[in-house]
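Now for the letters of each chain:
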Amino acid sequence: MMGEIHVMDHPLIEHKISYIRREDVGTKEFREVIGEIAQLMCYEATRDLQMKEVEIQTPIARTMGRELDGKKLAIVPILRAGIGMVDGMLSLIPTAKVGHIGLYRDPDTLEPVEYYCKLPADCGERRVFVVDPMLATGGSSTAAIRMLKEKGVKNIKFLCIIAAPEGVKRMREEHPDVDIYIGALDEKLNDHGYIVPGLGDAGDRIFGTK
Ligand code: PRP
Ligand code: URA
């Protein structure tokens with residue numbers, strides 16, 4: 001089935017993204033707000049989770065309610081910057097398992113280099129939310145999703161806070177089945193592969209490494 005592209009359209013998400021784009025926002029606040037945006041985006045990305053009818057007893061009466069059903073969940077951040085989104089996601093789906101995929105972009109070729117992969121043993125049976133704040137050329141996210149598919153994962157959603165059109169196009173071409181959730185869709189990439197206007201290097205801003 002063809003995946004969908006969801007560009008978030010919510011005042012809180014827009015406000016928080018505008019805030020962290022500012023160059024004078026420091027590490028502590030940047031990290032906190034990335035977490036808040038991830039939480040809001042998780043709310044949207046879990047909208048179509050499968051439900052089941054259950055009979056419950058309230059203090060007043062017996063009634064029917066609905067609870068989550070179906071596949072279990074996993075969150076897979078792309079290291080490093082994706083780690084910044086994990087706690088926000090877990091605050092809403094606390095029983096999800098967490099896998100990690102380590103990729104960095106070679107600064108010259110912009111191609112992703114794999115350095116780590118540790119996934120839940122049963123990840124093929126789970127719905128997987130891949131998270132990374134930035135979708136630039138799409139090299140990292142397409143490679144991470146390829147790795148997951150090679151391990152048998154079929155049900156994948158990708159969440160990013162800022163995307164460039166070039167990355168969205170590459171994701172659509174390589175992984176048309178994957179739903180993409182985007183906080184803000186920016187204008188373009190610059191000559192160094194950075195998103196314009198973007199927010200700079202997400203990993204460095206989350207971890208304070210520059
Ligand atoms: C950043 C970002 C994405 C990638 C996006 O990571 O977090 O993973 O770049 O770019 P792409 O779409 O062109 O692949 P980076 O390689 O800087 O590593 P880091 O998270 O360790 O800083
Ligand atoms: N990675 C980032 O962290 N920022 C960009 O703008 C592009 C890739």
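Before reading further, recall that the structure is shown in the block above.
What counts and how
Residues numbered from 1 in each chain as written. Chains lettered and ligands numbered in written order. Predicted model: local features only at pLDDT ≥ 70, side-chain atom pairs only at ≥ 80, totals over all residues. Heavy atoms only, no water. Buried < 20%, exposed > 50% of the residue type's maximum accessible area, 1.4 Å probe, protein only. Helix = DSSP H or I, 4+ residues; strand = E, 2+ residues; numbered from the N terminus. Pairing = 2+ DSSP bridges. Axes fitted to C-alpha atoms, helices over the stretch in contact; angles between N-to-C directions. Parallel < 35°, antiparallel > 145°, perpendicular 65-115°, else oblique. Left-handed = near helix turned anticlockwise from the far one by under 90°. Contact = heavy atoms within 4.5 Å. Nonpolar A, V, L, I, M, F, W, Y, C, P; charged D, E, K, R; others polar. Salt bridge = Lys/Arg side-chain N within 4 Å of Asp/Glu carboxyl O. Near = heavy atom within 4 Å. Polar contact = N/O pair within 3.5 Å; in protein donor to acceptor, adjacent residues only side chain to side chain. Areas by Shrake-Rupley, 256 points an atom, 1.4 Å probe, with all protein chains shown as cover. Phe/Tyr/Trp six-rings, centres within 6.5 Å; stacked < 30°, edge-to-face > 60°. Lys NZ or Arg CZ within 6 Å of the ring centre and 35° of its normal. Arc of directions from axis to C-beta.

Engineer: Got a sec to walk through the pairing of strand β8 (residues 127-131)? Specific residues and values, please.
Structural biologist: Counting buried positions along β8 gives 5 out of 5 residues, so the element sits mostly inside the fold. Burial of the side chains of β8 extends over both faces: Arg 127, Phe 129 and Val 131 are buried on one face and Val 128 and Val 130 on the other. Strand direction decides the pairing type here: strand β4 (residues 73-79) and β8, joined by 5 bridges, are parallel. In the strand pairing of β8, Pro 77 is matched with Val 131. As judged from the 5 bridges shared by β8 and strand β10 (residues 155-163), these two strands associate in the parallel manner. Of the residues in β10, the one forming a bridge with Val 130 is Phe 158.

Engineer: Let's hear about the packing of helix α1 (residues 11-21) against helix α2 (residues 27-45): which residues, and what values?
Structural biologist: At a closest axis distance of 10 Å, the pairing of α1 and α2 adopts a crossing angle of 155°. Overall, the two elements α1 and α2 adopt an arrangement that is roughly antiparallel. Note on packing geometry: the crossing formed by α1 with α2 is left-handed. Here Leu 12, Ile 13, Lys 16, Ile 17, Tyr 19 and Ile 20 of α1 lie close against α2, whose contacting residues are Glu 29, Phe 30, Val 33, Ile 34, Glu 36, Ile 37, Leu 40 and Met 41. Here the residues of the contact of α1 with α2 are counted per class, giving 11 nonpolar, no polar and 3 charged.

Engineer: Give me the pattern of salt bridges: which residues, what numbers.
Structural biologist: Applying the stated criterion across every chain yields a total of 15 salt bridges. Linking Arg 21 and Asp 186 is a salt bridge whose minimum nitrogen-to-oxygen distance equals 2.7 Å. Within this pair, whereas Arg 21 is found in helix α1, its partner Asp 186 is found in the loop between β11 (179-185) and β12 (188-189), the two being separated by 165 residues in sequence. Notably, a salt bridge pairs Asp 204 with Arg 80, separated by 3.2 Å at the nearest N-O pair. Here Asp 204, found in helix α6 (residues 202-207), pairs with Arg 80, found in the loop between β4 and α3 (83-92); they are 124 residues apart in sequence, far enough to count as distant. Using a relative accessible area of 14% as the deciding quantity, one classes Asp 204 as buried. Exposure remark for Arg 80: the relative accessible area of 33% places this residue in the partly exposed category. Here the residues in one salt-bridge network are Asp 48, Arg 127, Lys 157 and Asp 179, joined through shared partners.

Engineer: Tell me about the site of ligand 1, residues and numbers included.
Structural biologist: Surveying the vicinity of ligand 1 reveals 15 residues, the closest of which are Arg 105, Asp 132, Thr 137, Gly 138 and Ser 140. Take Ala 81: an N or O atom from its main chain is 3.1 Å from an oxygen atom of ligand 1. In isolation ligand 1 exposes 500 Å². Once the protein is present, 91% of that is buried. Among the secondary structure elements, those contributing two or more residues to the shell around ligand 1 are β6 (100-105), β9 (134-135) and α4 (139-150).

Engineer: Explain the packing of aromatic side chains to me, and be specific about the residues and the numbers.
Structural biologist: What the rule picks out here adds up to 1 aromatic pair. Look at Tyr 104 and Tyr 115: their rings are 6.1 Å apart centre to centre, the planes differ by 35°, and that puts the pair in the tilted class. A residue pair is termed long-range when its members are at least 10 positions apart, and Tyr 104 in strand β6 and Tyr 115 in strand β7 (residues 112-118) qualify at 11 residues. For Tyr 115, a relative accessible area of 42% gives the class partly exposed. The ring centre of Tyr 194 lies 5.8 Å from the NZ or CZ of Arg 105, which sits over that ring.

Engineer: A description of the side chain of Ser 140 should follow, citing residues and the corresponding values.
Structural biologist: Within the secondary structure layout, Ser 140 lies in helix α4. Among the residues examined, Ser 140 registers a relative accessible area of 16% and is labelled buried. If sequence neighbours within four positions are ignored, Ser 140 has contacts with Ile 78, Leu 103, Arg 105 and Pro 112.

Engineer: Pulling in residues and values, what's your account of α1?
Structural biologist: Three- or four-residue spacings in an α-helix give side chains the same orientation, since the helix completes a turn every 3.6 residues. For α1, the full list of buried residues reads Ile 13, Lys 16, Ile 17 and Ile 20. Down the axis, α1 shows its buried residues gathered within 100° of arc, on one side only. Across from the buried face of α1, at angles greater than 90 degrees, the exposed residues are Pro 11, Glu 14 and His 15. At its buried positions, α1 is contacted by α2, β10, β11 and α6.

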